[in-house]
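Letter by letter, the chains look like this.
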Amino acid sequence: MYLAFEGIDTVGKSTQIERLSERFPDPLVTREPGGTALGKKIRTILLEEGEVLPRSEILLFLADRAEHTERIVRPNLHRLILSDRSFLSGIAYAHVHDGIAVDTLLQLNRFATGGLFPDRIVLFRIDETSLRERMGQKSGDAIETRGIDYMLRVQKTMEELVDLLQIEHILIDATAPVDAITETLYSYIKDSQA
Ligand code: TMP
């Protein structure tokens, strides 16, 4: 099962992936951007070397996704794949940043992935006050520095997209206790595999 963890920065995706990966036999833990050799280079360009032009940025994320899907995801579909981000980030961040139509972004993502999308998505949600607190405690990368309002609009877009695209998903309150979230997700994954 290919499971993607989604939501804006600071919601605790990687913490939960790490915890859950210890509870299942032989899971594949991966991420976008940066799940492949080329992806790592793309990640550095996008997040550490400053802003590139909006269209170039979308194409670089898509190149990362194409590599990740073909080289990591597709050959391992028989395993439990826990991926930090997916095409949902690809569409939501780009749509809010550049105003490019969701349909266009969906087509581009279909092209990049050969039509392979996650089986299920874990979508984290955080309230504005908690987000401000958490963002205040960390230094942002090139994309996070776009600000809280941008991130909240991305979050809203992600929620609209899972409904619009009818993607199997579970919504998680990012401010719930970490242990409780892990237990909820452990049961969710077990049930999904049954
Ligand atoms: P992260 O690995 O810490 O989540 O950082 C990735 C950043 O890149 C995060 O700010 C979300 C952003 N992003 C996009 O803008 N488009 C994408 O397609 C993906 C996968 C991530």
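Our structure's up above, just so we're on the same page.
Residues numbered from 1 in each chain as written. Predicted model: local features only at pLDDT ≥ 70, side-chain atom pairs only at ≥ 80, totals over all residues. Heavy atoms only, no water.

**A word on the sheet that holds strand β1 (residues 2-6)**
Read from one edge to the other, the open sheet built from five strands follows the order β2-β3-β1-β4-β5, with strand pairing classed as parallel. The sheet is open, and its two borders are formed by β2 (28-31) and β5 (169-173), each paired with just one other strand. Recorded for the sheet is a direction-independent mean angle of 20° between the axes of neighbouring strands. Relative to strand β4 (residues 120-125), β1 runs parallel, the two being bridged by four bridges. Residue Phe-5 lies in a different strand from β4, and its bridge partner there is Val-122. Against the sheet, helix α1 (residues 13-21) engages β1, β2, β3 (81-84) and β4, with an angle of about 165° to β3. (Pairing = 2+ DSSP bridges. Helix = DSSP H or I, 4+ residues; strand = E, 2+ residues; numbered from the N terminus. Axes fitted to C-alpha atoms, helices over the stretch in contact; angles between N-to-C directions. Contact = heavy atoms within 4.5 Å.)

**Considerations on the packing of α1 against helix α8 (residues 178-193)**
As a packed pair, α1 and α8 sit with axes 10 Å apart at the nearest point and diverge in direction by 60°. One element, α1, and the other, α8, form an angle in the oblique class. Handedness of the crossing formed by α1 with α8: right-handed. Two secondary-structure elements touch here, α1 through Thr-15, Gln-16, Arg-19 and Leu-20 and α8 through Val-178, Asp-179, Ile-181, Thr-182, Leu-185, Tyr-186 and Ile-189. Across the contact of α1 with α8, the residue classes tally to six nonpolar, three polar and two charged. (Parallel < 35°, antiparallel > 145°, perpendicular 65-115°, else oblique. Left-handed = near helix turned anticlockwise from the far one by under 90°. Nonpolar A, V, L, I, M, F, W, Y, C, P; charged D, E, K, R; others polar.)

**Thoughts on the pattern of salt bridges**
Side chains that differ in sign of charge can pair as their charged atoms come close. Across all of its chains, the model carries 13 salt bridges by this definition. Between Arg-120 and Glu-168 there is a salt bridge, with its nearest N and O atoms 3.6 Å apart. You can see Arg-120 sitting in strand β4 and its partner Glu-168 sitting in the loop between α7 (148-164) and β5, a full 48 residues away along the chain. Across the salt bridge formed by Arg-125 and Glu-159, the nearest N and O atoms sit 3.0 Å from each other. Of this pair, Arg-125 sits in strand β4 while Glu-159 is found in helix α7, placing the two residues 34 residues apart along the sequence. Within this structure, Glu-128, Arg-132 and Asp-149 form a network of salt bridges that share partners. (Salt bridge = Lys/Arg side-chain N within 4 Å of Asp/Glu carboxyl O.)

**Details of the nonpolar core**
By size, the foremost hydrophobic cluster in this structure holds 53 residues, and its most contacted members are Phe-5, Phe-124 and Leu-185. Per-element tally for this core: the top contributor is α7, with eight residues. Beyond its immediate chain neighbours, meaning those up to four positions away, Phe-124 contacts Phe-5, Glu-6, Gly-7, Val-11, Gly-12, Lys-13, Gln-16, Gln-155, Ile-172, Ala-174, Ile-181 and Leu-185. (Core = buried A, V, L, I, M, F, W, Y, C linked by side-chain atoms within 4.5 Å. Buried < 20%, exposed > 50% of the residue type's maximum accessible area, 1.4 Å probe, protein only.)

**Details of the site of the ligand**
The environment of the ligand is formed by 13 residues, the closest being Asp-9, Arg-43, Arg-65, Arg-85 and Gly-90. Contact distances for the ligand include 2.6 Å between an oxygen atom and a side-chain N or O atom of Arg-85. In the environment of the ligand, an oxygen atom lies 3.3 Å from a nitrogen or oxygen atom belonging to the backbone of Gly-90. For the ligand, whose accessible area on its own is 470 Å², the fraction buried by protein is 92%. Elements with a contribution of two residues or more to the shell around the ligand: α2 (37-48), α3 (54-73) and α4 (87-98). Here the shell around the ligand takes three residues from α4, the largest share from any one element. Here the shell around the ligand is composed, by residue class, of five nonpolar, two polar and six charged. (Near = heavy atom within 4 Å. Polar contact = N/O pair within 3.5 Å; in protein donor to acceptor, adjacent residues only side chain to side chain. Areas by Shrake-Rupley, 256 points an atom, 1.4 Å probe, with all protein chains shown as cover.)

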